[in-house]
Amino acid sequence: MITSANIAEIRAQIKTWRQRGETIAFVPTMGNLHQGHITLVKEAVQRADHVVASIFVNPMQFGQGEDLDAYPRTLIEDQKALTEAGCELLFTPTPDIMYPKGLAEQTFVEVPEISDQLCGETRPGHFRGVATVVCKLFNLVQPDIALFGKKDFQQLLVIRTMVEDLSMPIEIIGVDTVREASGLAMSSRNGYLTAEEKAIAPALKRTLDKLAAYVQAGDTPETATEKALQQLQLAGLKPDYISVRNALNLAQPRSQDKHLVILAAAYLGKARLIDNLEFSR
Ligand code: PAF
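Source: prediction; values computed, not measured. (Residues numbered from 1 in each chain as written. Predicted model: local features only at pLDDT ≥ 70, side-chain atom pairs only at ≥ 80, totals over all residues. Heavy atoms only, no water.)

### Examining the environment of Leu-118
In this fold, Leu-118 is placed in the loop between helix H4 (95–98) and helix H5 (119–122). Each C-alpha atom of the pair Leu-118 and Asp-78 lies 30 Å from the other, and the pair is 40 residues apart in sequence. Excluding residues that lie within four positions of it along the chain, Leu-118 makes contacts with Gln-154, Tyr-241, Ser-243, Arg-245, Leu-250 and Leu-263. (Helix = DSSP H or I, 4+ residues; strand = E, 2+ residues; numbered from the N terminus. Contact = heavy atoms within 4.5 Å.)

Structural data, given as structure tokens:
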């Protein structure tokens, strides 16, 4: 696998593949890769001639007081895992390369509505940072397809909306969340959990399962959500939000909506865990 932080080098390699008429799949990441990321790369290998990944801890999507500096950087291990999974080209830019003028003067991409709720409400500007960096990375890599984990369900919808609204010729593929045996969704931020917290964390997924069952049994989303909030607190988690939404656009569900998603975020020690569950009623 070629690793480069140099935009010209990345573009040259991609041009060579493009001139041969070969297809490119892209997996953008912030590194500290786990099985969830590796599943994306393996899926990408099945779907295109070449797989490109990026590792960039994007300062634009972190708010003040968030874990930008603490975010784990594990390049050597990540390179090994990517190579084994079949990635051929890894882009590892620095903030200076991505944002040479600095963040204050950087043009940005904002996906309205969907970006302002749920995680966007707690983390103002987060999805602007995500949309902007993903747009830049798409322009650099020019992939045919790009793969994202469904654990970040809201992020996936933000990116799908950006691609549709800006007519980007890229197919966005959402890949199922990979979980620990306990049910805990894999995340780089799980590394912040102590052993004791790791035993508590699976309560998040268990609560999503129960909430879905309440709604399927006839509870209104509001009543079911109240019960779920209490269960999260009893388990030792500090809920940020838990909400039942229309799975296509994250709108509040109407009684006729059948395809729903529960999205949740909760604090546990130094970690902010997120998870979601799509279901039908
Ligand atoms: O999901 C992530 O790791 C990041 O938000 C992404 C998509 C790589 C953008 O920085």
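### Considerations on the site of the ligand
The full set of residues close to the ligand is Pro-28, Thr-29, Met-30, Gln-61, Val-133, Val-134, Phe-148 and Gln-155. A distance of 2.6 Å separates an oxygen atom of the ligand from a polar side-chain atom of Gln-61. Take Gln-155: an N or O atom from its side chain is 2.7 Å from an oxygen atom of the ligand. Across the complex, the protein chains shield 89% of the 280 Å² of accessible surface that the ligand would expose by itself. (Near = heavy atom within 4 Å. Polar contact = N/O pair within 3.5 Å; in protein donor to acceptor, adjacent residues only side chain to side chain. Areas by Shrake-Rupley, 256 points an atom, 1.4 Å probe, with all protein chains shown as cover.)

### Focus: the UniProt feature "active site" (unreviewed entry) in the chain
Feature annotation in UniProt assigns "active site" (unreviewed entry) to the following positions: His-37. Counting through the fold element by element, His-37 comes out in helix H2 (residues 35–47). Relative accessible area serves as the criterion here: at 13%, His-37 is assigned to the buried category. Apart from residues lying up to four places away in sequence, His-37 is in contact with Thr-29, Gly-31, Asn-32 and Ser-188. (UniProt positions renumbered as here; feature names shortened; annotations may be inferred. Buried < 20%, exposed > 50% of the residue type's maximum accessible area, 1.4 Å probe, protein only.)

### With respect to the nonpolar core
Counting residues in each nonpolar core, the largest one holds 46 residues, and the members touching the most others are Phe-138, Met-162 and Ile-172. Contributions of two or more residues to this core are made by helix H1 (7–19), strand S2 (24–29), strand S4 (89–91), helix H6 (126–141), strand S5 (145–149), helix H7 (153–165) and strand S8 (259–268). Broken down by element, this core gets its largest block of residues, 10 residues, from H6. When near neighbours in sequence (up to four residues on either side) are disregarded, Ile-172 contacts Phe-138, Ala-146, Phe-148, Leu-156, Ile-159, Arg-160 and Val-163. One finds Ala-203, Leu-208, Ile-242 and Phe-279 within the second-largest nonpolar core, a separate group that totals 25 residues. (Core = buried A, V, L, I, M, F, W, Y, C linked by side-chain atoms within 4.5 Å.)

### Some words on the pattern of salt bridges
In total, this model carries 16 salt bridges according to the counting rule given. For the salt bridge of Lys-150 with Glu-278, the shortest nitrogen-to-oxygen distance reads 3.6 Å. With a gap of 128 residues between them, Lys-150 in the loop between S5 and H7 and Glu-278 in strand S9 (residues 271–280) connect regions that are remote in the sequence. Assessed through its relative accessible area of 32%, Glu-278 is described here as partly exposed. Its salt-bridge partner being Lys-198, residue Glu-180 comes within 3.7 Å of it at the nearest N-O pair. Here Lys-198 lies in helix H8 (residues 195–200) and Glu-180 lies in the loop between strand S6 (171–175) and H8, a separation of 18 residues in the sequence. Classification of Glu-180 by relative accessible area gives partly exposed; the value is 28%. Here the salt bridges do not stand alone but share partners, grouping Lys-150, Asp-176 and Glu-278 into one network. (Salt bridge = Lys/Arg side-chain N within 4 Å of Asp/Glu carboxyl O.)

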